[in-house]
Every structure is written in C-alpha cells, then in structure tokens.
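One letter stands for each residue in the lines below.
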Amino acid sequence: MSGLPAATVRRLQKLPQVPSVWEGDRHKLSGSPPMGSQTEGECILWVDGVQGVVRAMEVVPADSGFEPMVRTLIMAMERPHAAPPARPQKIIVRDREVQFFLRGILHELDIKVECQPELPLIDEILQSFEEANERIPPPLPEHYVELLAGKALTLWRDAPWDYLEDHQILAIDLDHWDIQTLYVSVMGRLGMEYGVLFYRSLPSLKQFRQDAAQPDTPEEMEEAFLRQDCLYLTFQAGNPELNELPDLDLAELDPEEIEPNFGTIHPLEGLRVTLQEDEAAALSVALEALHRFFKQYHRKLEDDFRSYQGRYRIPNPQEKGTTLSVQVRTLPDVAEELLELEEEAEEPAQTLLRDDLVPEGAQIGLGVLPWTTVEMLRRTGQWHPLPQSKLVKNGEGLPVVIVRTSRSKAKQLIENLRGEGGPQGVCFNTGVDPFDGDRYDLEIVQTGNRDLHLFGEFPEDDPVHSMARKRWERRCRDTGGYCGLVVAMGVNSARPELQVRHILALFEMQALNPTGLGLGPMVRISRQLHLP
C-alpha cells in the first residue's frame, strides 16, 4: 500500500506536536448491533493517554483492513472530539501487524509507533462500554418476543393497508392497563412505510394530523412527530441492505423477510424503542383484536368505510386462563373529519412544481465547497445565509447544488431567486412519466414564497447520480441538515471544473424531506409535474 499523499503529509506536519502518548485499538462490538447497522462491526478508538480523552471513535466493518485505523487517527489529529488539533509524539497499538503498517504510513510525520499487549486506558473504556450495553433494556420483555412477533406477522398477512387509508380510524376499547381506548391508524396504502399507530387518545391523533399537514420546517415536523401519544408497530426488511434501496416496496418481499419493530412515543418522553410489560400486553391484545376484526369485516371494508363493530374474547397474556372482552369499531365520522383536514392542507399545493426558474441549457450538479471557499464567499458578500441558521461546519465542506449557465443568465437567475424570497430548501422526490413509464429523481427547490421549483431530473437508475446523491446526503448529515445553492457562470468554459471565480452567488438552504412538504410520487402532465 502506498503512503499518505504529499499534500496530506504537509498538512499534518503543520499541526503542533504535543508530548502525548496515544493509545489506538479496534475492538469487536458486543451485543446486538443497532437496526440498520453492519451485522458485524468493530469500534476503532484513539485515546490521549496523558489527557485521558477519546480523540476519535469510528465503527467500521470487521473485514475493512488496516486503512480505517489510519483514517481515524487522522481524524483524531485534525478533528478531535474534545481537544485541539495536534500530532502525538508516540502512539501505542496492541497488534504487531498494525504497528508495522502504521510505521510505514507515519514515518514522515515524526510519530513513534510502538506495540504493547496492554492498553489500560482503552481497556477501561471498552469495559465501560460493555457495562453500559448490559444496562440497556431489551426491546421487548422476554416472554413477549415470540408472542408479539407472531401477532405482527399475522397482521402483515392480513394486509389492512390494501383497503384502509391512514385517515380511516378504528377504535379498540380495552379498558385495561390504564388504557380506555386505542385509536388505530393503518399506514402503507401508498406502498411506502407499513405499520400501525395506536394512539392513546383521539385528541393526540387529531393534533398530529393537523400539525403534520403543513409543517414550515423539518424541525417543526420532527417536533410534531414527537408530540404524538401512541404505541406503534412498523415493518422493515430483515436484510438491512434492502432497507437502503430507495424504491423498496416491502409488499414485494416474502413474509419471512419482514421484520417488525415496536415502540412508543409520548410528548414528555419522546421516542422509546422498548416496551414495558403493560405496554407489550396491551399491544398483543390489540393486535389479536384487530386480526379478528379484519377477518370478520375485511370484505365490507374493501367496499366502504361505514360503521362496523365486533366484540371478541382475547386471552389475557398476564393472567393465564383468563380473557378480556375487547370491542373494535370503525369511526367513519372521524375519518371524514381527517379527510377534510388533508384536503384543506393540499389545496395550496395544487400549483405544485414550476420549471421556469432554471435557465435553458444550464448545467445542474451536486458537489461540495470547502469551508475555506465558503468563508471567502462570505467575506466577498456572495454568501447569503439563512436567518437564524444553525449550520454546523463539520465534514469536508458544504454540500451544494450547482447551477452553471452564462454570466448574463446567472445574474438573472440570482435576481429571480431573490424575487421569490430566496431559496430556502431542497429535496429529492420521485417523479413518474406515465407516457413512457420512466421514473426520475427530481431535484426540487423551495423558495421563500413557498413555491416549488424543478431544478433537475435524473433517471432513477443512473448510477452516477445515485452515488452523488448518497455522498450529498452524508455531507448534509455532517452539517446538521444544511446545504447550499451555487449560481455560477462558465457553462461553456474550457475548464469544466468549477472555479471560485465562476461563482456569482452562494445561497444557504436546508435539506428537506419531501414528506414534510406534503409530496408523494409526482406524475408528469405535459410540461408540469403534479401529485396524482
């Protein structure tokens, strides 16, 4: 393996060298990995043995080789968690092969690399990790794991989302475990997220639907989400890699490939992915009652959402040999009220997507501006930040949407953007062309006057765009959800790469969720795109 690039070596040599000894090691993660993470992973740690602080920590796949040790060490030097940037005089590792590898890489940085079998500070930290992991409660009480998994799979096979919309609310009268009635909303009609929400009160359900109808910012949408008062069951693919696919429809998978998730949300507690004994018992009874109700009424519900009710004797999971009388009923009046609320919220969005802002022939792309460039544009007055911005200057730079056109058209675009209230946010949303069946990833910018503008259309199966978007989303996470819009000249320049002198304006934006904007899949009608 070749060493560090010369430019990287020069950059690291500029860091002050402190009389510290750092310990470095990688350790296999114990316990069950978090949902969606690598099934097998290792934690890399670099710890300052003098100051007693963790300078860098990274979780990597177990088979990733020695290179992540170097990447995390560079992070510990340049971007430490709780200390100023610096180079150590010496580092100590436990593995002899790692020592030889690091010696070859770091010889130009004047850092001694030694090996010793005991790393007391790291061993102490790892021990604290294991103790903390042991104190984390399991997602479900032990004797409810199989019971709830079985009832969740039964509900998956019932597939109530095939005939129920999420506004068609059911009531489950329990009168047990401090719960009088659970109000049920079924998700999955659009083939996006499948699950069932069990609200502990009807006002909580109505309030969330009202708050979520037209959120002004992603933060307001998140706050509305956390104000719910409900138990929930959601479904995902058992294979984490499948959950990363943007167009995955769980209904296309075999039931054996589906994995249920349980949890609860409360305004004062927030999201909790573990259930207590009473919560698990209530959910198991509610799921069984729903199954029986769907078995009795699903054909009628397929035709019309009218008043239906059924009463069932459900075994009490906490008292063997006893049953509970549980009633399930439809609430058509509530469904009508929620539908009217949704229609009112959607009315302003019918003007939907404009495509008259970006100049014809402009080049659209995704990229990143180094923080030094952002600072330079700020000093020259070409940087236009959002009011009350919470931008985090983290990672390699600011992720940006780049629009390149001629100088005159770029200036006109800047004026047009200002006239629209300036760009406020950007999202990616699915678009469908019904004439040829093609699907697109639409790049949509929202301006200050709440209008939505089409900036780019990319075929969903374009691997170059797919990779660029993944890098874009990772960078947006690093900056706390903030990004930028670059308006630049030089579309026909002999030098295709973007130069700082080409940039005429940089607008700060937020990375938005299309769901928060009330967008679902969009259908092309003539030259415009609309919600179906």
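Residues numbered from 1 in each chain as written. Predicted model: local features only at pLDDT ≥ 70, side-chain atom pairs only at ≥ 80, totals over all residues. Heavy atoms only, no water.

Comments concerning the overall build of the chain
Piece 1. Scanning the chain for helices and strands turns up 13 helices and 24 strands.
Piece 2. A total of 532 residues make up the chain; the buried ones form 45% of that total.
Piece 3. In the chain, of all internal contacts separated by at least 6 residues, the share reaching a separation of at least 24 is 66%.
Piece 4. Working note: accessible area of the chain is about 27,700 Å², and carbon and sulfur atoms make up 50% of it. (Helix = DSSP H or I, 4+ residues; strand = E, 2+ residues; numbered from the N terminus. Buried < 20%, exposed > 50% of the residue type's maximum accessible area, 1.4 Å probe, protein only. Contact = heavy atoms within 4.5 Å. Areas by Shrake-Rupley, 256 points an atom, 1.4 Å probe, with all protein chains shown as cover.)

Quick word on the packing of helix α2 (residues 67-78) against helix α3 (residues 96-106)
Piece 1. Between α2 and α3, whose axes approach to 10 Å, the crossing angle comes to 55°. Compared by their axis directions, α2 and α3 come out oblique. Seen along the crossing, α2 lies across α3 with a hand that is right-handed. Contact residues: α2 offers E67, M69, V70 and L73, while α3 offers V98, F101, L102, I105 and L106.
Piece 2. In terms of residue class, the contact of α2 with α3 is built from 8 nonpolar, no polar and 1 charged. (Axes fitted to C-alpha atoms, helices over the stretch in contact; angles between N-to-C directions. Parallel < 35°, antiparallel > 145°, perpendicular 65-115°, else oblique. Left-handed = near helix turned anticlockwise from the far one by under 90°. Nonpolar A, V, L, I, M, F, W, Y, C, P; charged D, E, K, R; others polar.)

Concerning the sheet that holds strand β5 (residues 112-115)
Piece 1. Here 5 strands make up an open sheet; going across it, the order is β3-β2-β1-β4-β5 and the pairing mixed. Of all the strands in the sheet, the pair left with one neighbour each is β3 (53-61) and β5. Pairwise comparison of adjacent strand axes, ignoring direction, gives a mean angle of 20° for this sheet.
Piece 2. Where strand β4 (residues 87-93) and β5 come together, 4 bridges link them in parallel fashion. Residue pairing for β5: I92 is matched across the bridge by E114.
Piece 3. Sitting on the sheet, α2 is in contact with β1 (17-28), β2 (41-48), β3 and β4, with an inclination near 150° to β3.
Piece 4. Seen against the sheet, α3 touches β2, β4 and β5 and runs at an angle of roughly 175° to β5. (Pairing = 2+ DSSP bridges.)

Points about the pattern of salt bridges
A pair can form between side chains of opposite charge whenever their charged atoms are brought close.
Piece 1. One pass over the structure, following the stated rule, counts 30 salt bridges.
Piece 2. In this structure, R272 engages E279 in a salt bridge whose closest nitrogen and oxygen atoms are separated by 2.9 Å.
Piece 3. The exposure class of E279 is buried, given its relative accessible area of 16%.
Piece 4. The salt bridge involving E396 is made with R474; its shortest N-O contact spans 3.5 Å. Linking E396 in the loop between β16 (383-384) and β17 (398-405) with R474 in helix α13 (residues 463-478), this pair joins segments that are 78 residues apart in sequence. (Salt bridge = Lys/Arg side-chain N within 4 Å of Asp/Glu carboxyl O.)

Describing the confidence of the model for the chain
Piece 1. Mean pLDDT for the chain: 86, with 89% of residues reaching 70 or above.
Piece 2. Across residues 31-39, where pLDDT falls below 50, the model places 9 contacts with residues more than four positions away in sequence or in other chains.
Piece 3. Per-residue pLDDT stays below 50 along residues 526-532; that stretch engages in 24 contacts with residues further than four places along the chain or on separate chains. (pLDDT = per-residue confidence, 0-100.)

A few points about the pairing of strand β12 (residues 309-315)
Successive residues of a regular strand alternate their side chains across the two faces of the sheet.
Piece 1. Burial of the side chains of β12 is restricted to one face: G310, Y312 and I314 are buried, whereas none of Q309, R311, R313 and P315 on the reverse face is.
Piece 2. The pairing of β12 with strand β13 (residues 323-330) spans 7 bridges and is antiparallel. In the strand pairing of β13, P315 is matched with T323.

With respect to the nonpolar core
Piece 1. Membership of the largest hydrophobic core comes to 51 residues, with the highest contact counts inside it found for I172 and F198.
Piece 2. For this core, the leading source of residues is helix α9 (residues 277-303), giving 13 residues.
Piece 3. Dropping the residues within four chain positions of it, F198 is found in contact with I172, L182, Y183, V184, D229, C230, L231, L283, A286, L287 and L290. (Core = buried A, V, L, I, M, F, W, Y, C linked by side-chain atoms within 4.5 Å.)

Observations concerning unusual backbone geometry
Piece 1. Despite not being glycine, W177 shows a phi value in the positive range, around 55°.
Piece 2. Here W177 shows up in the loop between β6 (170-176) and β7 (179-187).
Piece 3. Notably, R450 is not glycine yet its phi reads approximately 75°, a positive angle.
Piece 4. Counting through the fold element by element, R450 comes out in the loop between β19 (439-447) and β20 (452-459).
Piece 5. A relative accessible area of 45% places R450 in the partly exposed class.

A short note on the packing of helix α5 (residues 145-158) against α9
Piece 1. Following both chains from N to C, one finds α5 and α9 inclined at 30°, their axes separated by 10 Å at the closest point. Looking at the two axes, α5 sits roughly parallel to α9. Regarding α5 and α9, the two cross each other, and that crossing is left-handed. Residues L147, L148, K151, A152, T154, L155 and D158 of α5 form the contact with α9, whose participating residues are A280, L283, S284, L287, E288, H291 and F294.
Piece 2. Here the contact of α5 with α9 is built from residues that sort into 8 nonpolar, 3 polar and 3 charged.

Focus: the sheet that holds β13
Piece 1. Judged by pairing direction, the sheet is antiparallel, and its 8 strands sit side by side in the order β11-β10-β9-β8-β7-β6-β13-β12 without closing on themselves. The two strands at the open ends of the sheet, each matched to only one other strand, are β11 (270-272) and β12. Across this sheet, the average inter-strand angle for adjacent strands is 25°, counted without regard to direction.
Piece 2. Both β6 and β13 contribute to a ladder of 4 bridges, which runs antiparallel.

Here's the deal with α13
An α-helix turns once per 3.6 residues; consequently, residues spaced three or four apart project the same way.
Piece 1. Here α13 is 16 residues long and its end C-alpha atoms lie 23 Å apart, about the 22 Å a rise of 1.5 Å per residue gives.
Piece 2. Turning to α13, its buried residues are H465, A468, W472, R475 and C476. End-on view of α13: buried residues confined to an arc of 100°, all on one side of the axis. Opposite the packed face of α13, turned more than 90 degrees from it, sit the exposed residues P463, K470 and R477.
Piece 3. For α13, the side-chain oxygen to backbone nitrogen distance between the N-cap and V464 is 3.0 Å, and the N-cap itself is D462.
Piece 4. The positive-phi residue at the C-terminal boundary of α13 is G480, with phi of around 75°. (Expected span 1.5 Å × (residues − 1). Arc of directions from axis to C-beta. Polar contact = N/O pair within 3.5 Å; in protein donor to acceptor, adjacent residues only side chain to side chain.)

Observations concerning helix α1 (residues 6-13)
Piece 1. When α1 is considered as a whole, its buried residues turn out to be T8, V9 and L12. Along the axis of α1, the buried residues cluster in a sector spanning 100°; they form a single face.
Piece 2. Considering only its buried residues, α1 is in contact with α2 and β4.

Comments concerning the packing of aromatic side chains
Piece 1. Under the counting rule described, the total for this entry stands at 11 aromatic pairs.
Piece 2. Arranged with centres 4.9 Å apart and planes meeting at 45°, the rings of F293 and Y297 form a pair that is tilted. Here F293 and its partner Y297 are both found in helix α9, 4 residues apart, which amounts to about one turn of the helix. Pair check on accessibility: F293 and Y297 agree, each one buried.
Piece 3. Every member of this aromatic cluster is reached through a ring pair, and the members are Y163, F293, F294, Y297 and Y308. (Phe/Tyr/Trp six-rings, centres within 6.5 Å; stacked < 30°, edge-to-face > 60°.)

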